[in-house]
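Structural overview
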Amino acid sequence: MKYISTRGGVAPIGFTDAILMGLADDGGLLVPERLPQVRADTLEAWKKLPYTALALEILALFMEEDIPRDELKRLVDASYATFRDPRVTPVVKLRDDLHVLELFHGPTFAFKDVALQFLGNLYEYVADRTGSVIHILGATSGDTGASAIEGVRGKKGIKICILHPHNRVSRVQELQMTTVQDDNVLNLAVEGTFDDCQRIIKELFADVPFKRRHHLRAINSINIARILAQTVYYFYAYFRLAEQGHEGPVNFSVPTGNFGDIYAGYLAKRMGLPVGKLILATNENDILARFFGSGVYQPGEFRGTYSPSMDIQVASNFERYLHDLHDGDAGTVASLMERFKAEGRIEVPADVLRRARGDFTAYSVSNDECLDTIARYYEAYGYLLDPHTACGVAAADRRAEAGEVTIALSTAHPAKFDEAIRLRNITQVYPEPIQALFGKPRRVTVVANSRDRVKEQLEAFFA
Ligand SMILES: *Cc1c(COP(=O)(O)O)cnc(C)c1O
């Protein structure tokens, strides 16, 4: 399998080169040159596989030329051995027509562990194999940082530095990042906002001599390895319903920020999994919901919500979907993205929008509706949703067409977002590993909101 850029300016490259490149050199995103097609008899055979065996089958389709199967098996097994549930991503039934896919049983209690545990092991393998130096630099509003650090802590040949906005991430997220004691981890708490952190990172990656000298690598969801790792649980969840006698398509409802998680679902559908509608849920930052409503893709005003991991204005993976929507026509994608840069807006014609609506239906969920959904499900089913998951469940309820069955993806454990849960007077008991964080010593360096101050820290750390 080769990987190409959505903008057509990169010669096809192998999987290892694709993960090391991160963002494509022409500014586009890397995508598989073609999608493997999974036949009905293969789906039937995959039905009985435990999670890791299924992951091996699916991931091998995308990376077997670069990573021998026995090595890939070792990476996959190691990545999911850290999960607290032997099923890795169990499916819980709430009603006949609504099931929850719990993706939060990894080390940091958020779905990002599914991809980042794997990416951490993959980076270690590549560092060992190719002798590449891997220095990861990223900014986080909370979940990605904790999960990325957990994915590479203590790993040979890798260092990681994560910037987070000082005192502006949830208490649990802050503890998850800063209580890690491994020497290959540097936490910088920037005296500014998440946008300031991201701006500093962007400037450092754009400083090509600095980037080269320090071997900087990205960890955000533009990395194709993350998307591929996430396709697995769509198959796994579908098979759990099939096991109970379900036949035919299933909808998936996905709380979305960067369009990463739901794009993985779209790939699963295109590979042949019987997916009905992909129900896209945004919070009040609704750029994606507006796109599927009107065909216009245009950032709005930033809103702080109870689901901060979805508080984004530009969905970085959306370009991959634009590439699919235009049948891989990289010229059109490049000119659309150019226009987006110049005019801050993209509009697709009616026939393209019609196709998009064939696969997706999108809803924006308000802050009140999010909290109401948490309270309502807690009362009706004794099941506590985190605020991100609640957006997805609220969207599934709005869709609710007779005869359809929906699997709602649960992207975080509610304990990570207790600040919001408490607003509806719900008290929860923290799981033991989260409770234990409160007594641990912390390692974090507070830095001024300045690219040069951050640069000084990195010069010393990556030396
Ligand atoms: C990152 C995140 C999301 C959004 O995922 P995307 O891939 O950016 O769409 C949703 N929920 C939680 C808890 C997250 O951490």
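Just above, that's the structure.
First, a word on what this report is: a plain description of the structure on this page. (Residues numbered from 1 in each chain as written. Predicted model: local features only at pLDDT ≥ 70, side-chain atom pairs only at ≥ 80, totals over all residues. Heavy atoms only, no water.)

This part covers the sheet that holds strand β7 (residues 185–190). Picture the strands of a sheet paired through backbone hydrogen bonds; they go either parallel or antiparallel. With parallel pairing, the 5 strands of this open sheet are ordered in space as β8-β5-β6-β7-β15. Two strands in the sheet have a free side with no partner beyond their single neighbour: β8 (216–217) and β15 (445–447). The pairing of strand β5 (residues 134–139) with β8 spans 2 bridges and is classified as parallel. Looking across to β8, one finds that I136 is bridged to R217. Across the sheet, helix α7 (residues 171–178) is in contact with β6 (158–165) and β7; its angle to β6 comes to roughly 155 degrees. (Pairing = 2+ DSSP bridges. Helix = DSSP H or I, 4+ residues; strand = E, 2+ residues; numbered from the N terminus. Contact = heavy atoms within 4.5 Å. Axes fitted to C-alpha atoms, helices over the stretch in contact; angles between N-to-C directions.)

For the rest of this paragraph, the subject is the packing of aromatic side chains. The final tally for this structure, using the stated rule, is 29 aromatic pairs. Considering the side-chain rings of F291 and Y297, the 6.5 Å spacing of their centres and the 80 degrees angle between planes classify their relative orientation as edge-to-face. Each member of the pair, F291 as well as Y297, carries the same accessibility label: buried. Put simply, the rings of F259, Y263, Y266, F291, F292, Y297, F318, Y321, F340 and F360 touch in pairs and so form one group of aromatic residues. For the cation-ring pair, R84 lies above F109, with the distance from its terminal atom to the ring centre recorded as 3.5 Å. (Phe/Tyr/Trp six-rings, centres within 6.5 Å; stacked < 30°, edge-to-face > 60°. Buried < 20%, exposed > 50% of the residue type's maximum accessible area, 1.4 Å probe, protein only. Lys NZ or Arg CZ within 6 Å of the ring centre and 35° of its normal.)

Attention shifts here to the sheet that holds strand β3 (residues 91–95). Spatial strand order, β3-β4-β14-β9-β10-β13: 6 strands in an open sheet with mixed pairing. With partners counted over all chains shown, the strands left at the sheet margins are β3 and β13 (360–364), one partner each. Averaged over neighbouring strand pairs, the angle between their axes works out to 25 degrees when direction is ignored. Strand direction decides the pairing type here: strand β4 (residues 98–102) and strand β14 (residues 406–410), joined by 5 bridges, are parallel. The residue bridging L101 from the neighbouring strand is L409, located in β14. Contacts from helix α17 (residues 387–399) reach β3, β4, β9 (250–255), β10 (275–282), β13 and β14 within the one sheet, and its direction differs from that of β10 by about 125 degrees.

That's the geometry; what it means functionally is another story.
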